[in-house]
Structure formats: C-alpha cells, structure tokens
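Chain by chain, the residues:
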Amino acid sequence: MTDKMKKWLKAAGIRALKTIAQTAVATIGTAAVLATVDWRVVLSASLLAGILSLLTSVAGLPEVDSEQAAAPSAGPVIGTADASSDAADSSSTGAEQAVEVKQDTAEPSKQE
C-alpha cells in the first residue's frame, strides 16, 4: 500500500468516524428519555452516514492535497468549495448564493 493511499484512508476513516458519532448523537438526542431511544434506528442511521461519508470522500478530501490524494477525483462536489480554492476568498456564503439563484429564476410578476 502506498503512502498516498494510507494518507487518504486515514483521512477518510477519521471523517467517517466523526460523521458516525455526530449522527448517533443527533439520533439519540431526538428521544425525550434515554430509555425510549430506538437503538436499531441509531445504529442504522449512523452506519449509513458513515458509508455515505466514505463515498463522498472519493470525490476529494480537503485534508489531503489534491496532488497526494490516492483516490481519483470526480471533480468538485456540488455545494462544496473546490479543494484548490480558499473558501475564505469567497465574498458570499452558500446561503447568499442560493438566494441569488432563487431570485434570478423567480417568475416575473404580472403587471397589468
């Protein structure tokens, strides 16, 4: 196994574990009392989130330089910043961009 592959697997694994933990906490938090937690739902939702995290990591990981990534990159993922660009350079947030797109695509009001 190459050094590049080890770096990618480590970064993707850490990201997946964090996602699993966050999903478990959120799912457990939806129960009013700890005794009412449906542990099968917690487990299935957390595992699904971990699998989706690994699949998303194939598109690229910001933690791993694009030159050193062992997994092929399918290009930037919709809704995320390109790994080569700095998100701090953007003058508008994703929410502001979504509002701009919605305003651009809104139907003009009928004027009589």
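Thresholds applied
- Residues numbered from 1 in each chain as written.
- Predicted model: local features only at pLDDT ≥ 70, side-chain atom pairs only at ≥ 80, totals over all residues.
- Heavy atoms only, no water.
- Helix = DSSP H or I, 4+ residues; strand = E, 2+ residues; numbered from the N terminus.
- Contact = heavy atoms within 4.5 Å.
- Salt bridge = Lys/Arg side-chain N within 4 Å of Asp/Glu carboxyl O.
- Buried < 20%, exposed > 50% of the residue type's maximum accessible area, 1.4 Å probe, protein only.

Chemist: Explain the environment of Ala24 to me, and be specific about the residues and the numbers.
Modeler: Along the chain, Ala24 falls in helix 1 (residues 3-29). Spatially, the C-alpha atoms of Ala24 and Leu43 are 7.3 Å apart, while their sequence positions differ by 19 residues. Ignoring any residue separated from it by four or fewer positions in sequence, one finds Ala24 in contact with Val42 and Ser46.

Chemist: Explain the pattern of salt bridges to me, and be specific about the residues and the numbers.
Modeler: Applying the stated rule across the entire model yields 2 salt bridges. Of the charged contacts, one joins Arg40 and Asp38 as a salt bridge, the two residues approaching to 3.8 Å between their closest N and O atoms. Taking relative accessible area as the criterion, Arg40 reaches 69% and is therefore assigned exposed.

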